[in-house]
Amino acid sequence: MLKQDSQYFEIFFDREDAIQKIQALIERGDKEEKQHNTDMKELIRLIDHNRKLTDYIRAKVKERDEDPQLHAWRAKKAAEAESQQKQTEETLDKYEQAFNKMLKLTQAPSSDRLMDSYIRNEDRNFSLFNYIIEIYEEVEQLQTKIDNLRKQIMENQELVDKETESINKELDFLRALSEGIDENNIDIQGEFDKTQSFLQETAAMIGDLSESLHCDTSLIQQRLCASKEVTLETLLEYMALVEERVNNLLLIRQRIAKANADAPNSVKTNFMGGNLKSKSVAQPIIAPPKIPEGFDASKLPL
C-alpha cells in the first residue's frame, strides 16, 4: 500500500513538472514567434529599401552612360591607368634589373641572403653612427676641459708673472745688500789679515823666547801631538809655559838678592805671579755689515 502511494506521488510530481516544462516551452515558443515576426518585418523592410536603392542607382547609371563627357572621362582615366600601369611595369623591370645587379655584385645566393646582408650592414651603420655621436660628445667635453685649462693657465701665468716681478725686486734688493756686505767683508778681511800677521809674529817671538829660556815643551808636544813650532793653536800653551819659566827665574833672582845685602832694592821687589804683562796692542775693530733701512729678514730664502 505504501509502495503504491509513493508511486502515485512520484507520478503526480512528474506530471506537475511536465506541465511546468510544457508551459515554459509554450511561452518560449510565443516569444520566439514574436521575435521571428519582428525580424521578418525588418528583413522585408531592408529588402524593399535595397530594391528601391538598386532601382535608383540603375537609373542614375543609365543616365550617365548616355553622357558623352562621361565616356570621354572614362577613356581618359583608362588611358592614364594604362600609362601608369606601363610606368609601373617599367619601374618594376628597372628594380628587378638593379636587384639582379646587386645580387651579382654581392654574390648573394638569394634575395633573402641579400636582405639579411643589408640588414646587418644597416645595423652596423647605425651602431657606427651612434659611436660617432658618442665620440663627438666626448670631443666636445674634452674641448670644454681644454678651454677651462687654458683659462686656468692664463690666470696662473698672470700670477706667476706678478710673483716673478716681486721676486726680481727682492733679488735686486738682496743683490744691493750683498754688494754692501761684500764691501764690509773686504774691510773685515783686511783687519783679519793684519791680526793674523800680528799673531804669527807673536807666535814666532814666543817660540824664540821659549828656546832662549830653555822651556820644557815636551809636555805640550805630547799632550797636543803638535810639532815644536809654535802655531796659533798652541800659542796660549807656550805663553803660559814662558810665563811660568819667567816667574821661576824671577823667584830665583829674588832669593839671590835677599841673600846678598849689597843688591839694590829694585832687585828685591816681589815679581811673583801676574807681573808679566803682554805688550799692549790695539785690538782690531771689526765693523758689522751695514743693513739698509726697510730690510725684511722674513723674505730671505731659507
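Residues numbered from 1 in each chain as written. Predicted model: local features only at pLDDT ≥ 70, side-chain atom pairs only at ≥ 80, totals over all residues. Heavy atoms only, no water.

In the nomenclature of an unreviewed UniProt entry, the protein chain is known as ODAD1 central coiled coil region domain-containing protein of Rodentolepis nana.

Colleague: Requested: an account of the overall build of the protein chain, with residues and values cited.
Modeller: Of regular secondary structure, the protein chain possesses five helices and zero strands. The helix and strand sequence of the protein chain, counted from the amino end, reads α-α-α-α-α. The contacts in the protein chain between residues at least 6 apart in sequence include a share of 54% that link residues at least 24 apart. Carbon and sulfur atoms make up 56% of the accessible area of the protein chain, which totals about 26,600 Å². (Helix = DSSP H or I, 4+ residues; strand = E, 2+ residues; numbered from the N terminus. Contact = heavy atoms within 4.5 Å. Areas by Shrake-Rupley, 256 points an atom, 1.4 Å probe, with all protein chains shown as cover.)

Colleague: Tell me about the nonpolar core, and please be specific about residues and values.
Modeller: Core analysis: the biggest nonpolar cluster contains 11 residues, these being A203, I206, L213, C215, I220, V230, L235, Y238, L241, V242 and V246. Looking at which element gives the most residues to this core, the answer is helix α5 (residues 235-259), with five residues. (Core = buried A, V, L, I, M, F, W, Y, C linked by side-chain atoms within 4.5 Å. Buried < 20%, exposed > 50% of the residue type's maximum accessible area, 1.4 Å probe, protein only.)

Colleague: Could you give an account of α5, naming the residues involved and the relevant values?
Modeller: An ideal rise of 1.5 Å per residue puts 36 Å on 25 residues; α5 measures up with 36 Å between its terminal C-alpha atoms. Residues L235, Y238, L241, V242, V246, N247, L251, Q254 and A257 constitute the buried set of α5. (Expected span 1.5 Å × (residues − 1).)

Colleague: Any chance you could break down a nonpolar patch on the surface for me, citing the residues and the numbers?
Modeller: Taken together, the side chains of M40, L43, I44, L46 and I47 make up a nonpolar region of the molecular surface, amounting to roughly 420 Å² of accessible area. By relative accessible area, I44 is classed as partly exposed at 45%. (Patch = residues over 30% accessible without salt bridge, like charges linked within 9 Å, V, L, I, M, F, W, Y side chains within 5 Å. Salt bridge = Lys/Arg side-chain N within 4 Å of Asp/Glu carboxyl O.)

Colleague: A description of the confidence of the model for the protein chain should follow, citing residues and the corresponding values.
Modeller: Atom-level detail of predicted coordinates should not be read off regions where pLDDT is low. Of the residues in the protein chain, 73% reach a pLDDT of 70 or more, and the chain-wide mean stands at 75. Below a pLDDT of 50 lies the segment residues 268-281, which in the model reaches 19 contacts outside its immediate sequence neighbourhood of four places, other chains included. (pLDDT = per-residue confidence, 0-100.)

Colleague: Requested: an account of a negative patch on the surface, with residues and values cited.
Modeller: Where like charges cluster on the molecular surface, the negative patch consists of E89, E90, D93 and E96. Positionally, E89 belongs in helix α2 (residues 68-106). On the accessibility criterion, E89 (43% relative accessible area) is partly exposed. (Lys, Arg positive; Asp, Glu negative; His and termini not counted. Charge placed at Lys NZ, Arg CZ, Asp CG, Glu CD.)

Colleague: Describe in detail the UniProt feature "coiled-coil region" (unreviewed entry) in the protein chain, supporting the description with residues and values.
Modeller: As recorded in UniProt, the sites labelled "coiled-coil region" (unreviewed entry) are residues 132-166. Note that residues 132-166 is 100% helix and 0% strand, and that its end C-alpha atoms are spaced 50 Å apart. (UniProt positions renumbered as here; feature names shortened; annotations may be inferred.)

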